Amino acid sequence: MISALVDAAPSTIHQSFLVLGTLSIVIVIHLLFSRVFSSGSFKRDVYNKTFNTMSQVASLLSNPDSVLSREGVKASILGYETLFAGARNNVGKTSTADSIEHRAKEYQTMVSSFYDLVTDFYEWGWGQSFHFAPRLVGETFEESMVRAEYYLALRTNIQPDSKVLDLGCGVGGPMRNIHQFTGADITGITINEYQVRVGNQYCAQRGFDHKCRSFQGDFQNLSEKFEPDSFDAAYAIEATCHSPDRRVCFQQVSRCLKKGALFAAYDWVVLPERGYDSNNPDHVRIKEGIEVGNGLPTLATTQDIVNALEDSGFEVVDVFDANKDVHSDHQIPWYSTLYGSFTLKGFRMTRLGRICTHTLVSTLEFFRIAPQGSTRVSSMLNATALDLVEAGRKEIFTPSLLFVARKK
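As the structure is a prediction and not an experimental result, all values here were calculated from the model. (Residues numbered from 1 in each chain as written. Predicted model: local features only at pLDDT ≥ 70, side-chain atom pairs only at ≥ 80, totals over all residues. Heavy atoms only, no water.)

**Some thoughts on the nonpolar core**
Counting 55 residues, the largest nonpolar core has Val 118, Leu 167, Leu 222 and Phe 263 as the members making the most contacts within it. Here this core gets nine residues from one element, more than from any other, and that element is helix 6 (residues 107–126). The residues contacting Leu 222, other than those within four sequence positions of it, are Leu 165, Leu 167, Ile 189, Gln 252, Val 253 and Cys 256. Counting 47 residues, the second-largest nonpolar core is a separate cluster that includes Ile 237, Leu 299, Ala 322 and Leu 338. (Core = buried A, V, L, I, M, F, W, Y, C linked by side-chain atoms within 4.5 Å. Buried < 20%, exposed > 50% of the residue type's maximum accessible area, 1.4 Å probe, protein only. Helix = DSSP H or I, 4+ residues; strand = E, 2+ residues; numbered from the N terminus. Contact = heavy atoms within 4.5 Å.)

Now the structure itself:
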């Protein structure tokens with residue numbers, strides 16, 4: 001309903017820009033005075049959103065943990081955009097074999113650069129768990145996220161004495177939640193060094209660092225980090241979609257697991273079984289928009305995932321779309337967070353909330369408080385949010401294809 005009101009009342013949004021602009025100037029003046037007269041410094045807080053105050057928002061893409069220099073942000077986003085040349089302007093351009101192959105070859109740089117740029121924005125709007133989740137009516141956004149994480153722990157039979165591998169762990173939100181739920185020892189791996197720095201700080205703040213830790217590494221080459229038969233279980237949450245070759249990734253996971261161990265994941269896929277048509281330009285446009293805004297070589301299908309698992313030494317135990325009832329009267333669509341729910345806590349993630357954030361980031365960049373290039377990152381994320389909503393409404397895509405597989 002909120003989305004319909006926003007779409008039906010563009011004049012209201014246009015009128016609000018004057019207010020937003022004025023507010024942005026006031027905020028900038030506040031930030032300038034804070035920087036000059038405040039003795040406080042940027043601090044991470046695992047118990048609350050780190051970027052929870054205006055002065056902390058000024059540290060987006062530029063804080064003591066940042067891998068990129070302030071000057072490097074613009075170069076990084078420009079370099080990232082070249083990997084998706086033609087996206088959104090020339091439908092089909094980034095779906096050619098050459099374009100996909102180019103991103104596959106450059107995938108380490110592409111994915112690491114992507115998360116250098118977006119991790120702060122994700123944490124600002126989303127929290128410490130960077131994923132979607134099926135959500136029941138009456139359930140909060142945060143409750144649905146934790147339930148999805150606990151479900152993976154259940155399906156992989158994680159026990160207090162289990163040694164577990166988290167593939168593509170981000171800043172470790174799910175890792176810490178699953179450890180708190182199970183007591184298991186969990187090792188996370190992410191290709192992005194910035195996320196390692198942030199995640200390990202958060203584990204230490206929670207007192208979990210003796211049981212949870214992150215390492216920088218490539219899940220396409222786990223043998224560099226781990227011995228064979230090292231783990232009792234493995235999981236991934238919306239991470240293996242970044243893989244340029246899932247067979248290689250899954251083979252590496254299989255090597256690390258003990259015989260009979262379970263591997264479960266949520267993965268991003270397009271859904272031909274529910275209407276996605278690769279010959280439909282509108283569908284391709286949406287697919288490419290999702291890829292460019294999320295650092296993906298190309299989106300796979302359910303059958304692609306099953307084939308890759310079976311070719312990698314796994315028996316597929318279960319596979320289904322956790323969002324199959326997305327438009328049931330008993331569910332809140334997974335994409336609704338991107339446009340609805342005008343609550344105080346959820347406002348940042350809504351369409352108008354993103355407009356406000358974008359206006360603020362643009363103002364901060366103009367006054368050189370935020371690094372040059374920050375606005376381009378914000379624009380990219382805003383555009384892909386619209387693609388995700390459209391894909392969800394059409395049911396041609398899901399971020400929550402759940403699979404459970406057992407090592408043979």
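Back to the text.
**Regarding the side chain of Ser 243**
By the secondary structure assignment, Ser 243 is in the loop between strand 5 (231–237) and helix 10 (246–256). For Ser 243, a relative accessible area of 4% gives the class buried. A polar contact of 3.0 Å, which involves the side chain of Ser 243, links it to the backbone oxygen of Asp 245. When residues no more than four places from it in sequence are discounted, the contact partners of Ser 243 are Phe 219, Gln 220, Cys 249 and Pro 297. (Polar contact = N/O pair within 3.5 Å; in protein donor to acceptor, adjacent residues only side chain to side chain.)

**Quick notes on the pairing of strand 2 (residues 163–167)**
Burial analysis of strand 2 places four of its five residues in the buried class, which makes it a mostly covered element. Bridge analysis of strand 2 against strand 3 (residues 185–190) gives five bridges, and the strand direction is parallel. The residue bridging Asp 166 from the neighbouring strand is Gly 188, located in strand 3. As a crossover connection, the stretch from strand 2 through helix 8 (residues 173–182) into strand 3 is right-handed. Pairing geometry for strand 2 and strand 5, over four bridges, is parallel. Looking at strand 5, one finds that Asp 166 is bridged to Tyr 235. (Pairing = 2+ DSSP bridges. Right-handed = clockwise from strand over helix to strand, strands pointing away.)

**A short note on the packing of aromatic side chains**
Scanning the entire structure with this criterion turns up 19 aromatic pairs. Between Tyr 122 and Phe 130, the aromatic rings sit 5.3 Å apart at their centres with planes inclined by 75°, giving edge-to-face as the arrangement. Look at Phe 263 and Phe 314: their rings are 5.6 Å apart centre to centre, the planes differ by 45°, and that puts the pair in the tilted class. Taken together, the positions of Phe 263 in strand 6 (residues 257–270) and Phe 314 in strand 7 (residues 314–321) put the pair 51 residues apart, joining distant regions of the chain. Residue classification places Phe 263 among the buried residues on the basis of a relative accessible area of 0%. Taken together, the ring pairs in this structure connect Trp 126, Phe 132, Phe 141, Trp 268, Trp 334, Tyr 335 and Phe 397 into an aromatic cluster. (Phe/Tyr/Trp six-rings, centres within 6.5 Å; stacked < 30°, edge-to-face > 60°.)

**Let's talk about the packing of helix 6 against helix 9 (residues 193–206)**
Helix 9 packs onto helix 6 with a crossing angle of 35° between their chain directions and a minimal axis gap of 9 Å. Residue-level contacts link Tyr 115, Asp 116, Thr 119, Asp 120 and Glu 123 of helix 6 to Tyr 194, Gln 195, Val 198 and Tyr 202 of helix 9. Looking at side-chain class alone, the contact of helix 6 with helix 9 contains four nonpolar, two polar and three charged residues. (Axes fitted to C-alpha atoms, helices over the stretch in contact; angles between N-to-C directions. Nonpolar A, V, L, I, M, F, W, Y, C, P; charged D, E, K, R; others polar.)

**A few points about helix 12 (residues 302–310)**
When we look at burial in helix 12, the residues that qualify are Thr 302, Ile 305, Val 306, Ala 308 and Leu 309. For helix 12, the buried positions fall inside an angular range of 165° around the axis, keeping them on one side. (Arc of directions from axis to C-beta.)

**Points about the environment of Gly 373**
Along the chain, Gly 373 falls in the loop between helix 13 (351–366) and helix 14 (374–394). With 301 residues separating them along the chain, Gly 373 and Gly 72 place their C-alpha atoms 8.8 Å apart. Non-local contacts of Gly 373, meaning those with residues more than four positions away in its chain, are made with Val 73, Lys 74, Ile 77 and Glu 365.

**Looking at empty space enclosed by the protein**
Across all of its chains, the model carries five cavities of 30 Å³ or more by this definition. Its volume calculated, the largest cavity comes out at about 840 Å³. In terms of lining residues, the largest cavity is bounded by 48 residues, among which Tyr 115, Tyr 122, Phe 130, His 131 and Asn 294 are the most central. Secondary structure elements with two or more residues in the lining of the largest cavity: helix 6, helix 8, strand 3, strand 5, helix 13 and helix 14. Ranked by residues supplied to the lining of the largest cavity, first place goes to helix 6 with eight residues. Tallied by class, residues from the lining of the largest cavity come to 26 nonpolar, 17 polar and five charged. (1 Å grid on protein atoms, 1.4 Å probe; cavity = no way out; pocket = protein on both sides within 12 Å on 5 of 7 lines; lining within 4 Å. Points joined across faces, edges and corners; volume = space filled by probe spheres on them.)

It is worth stressing that arrangement in space is one thing and function is another; only the former is reported here.
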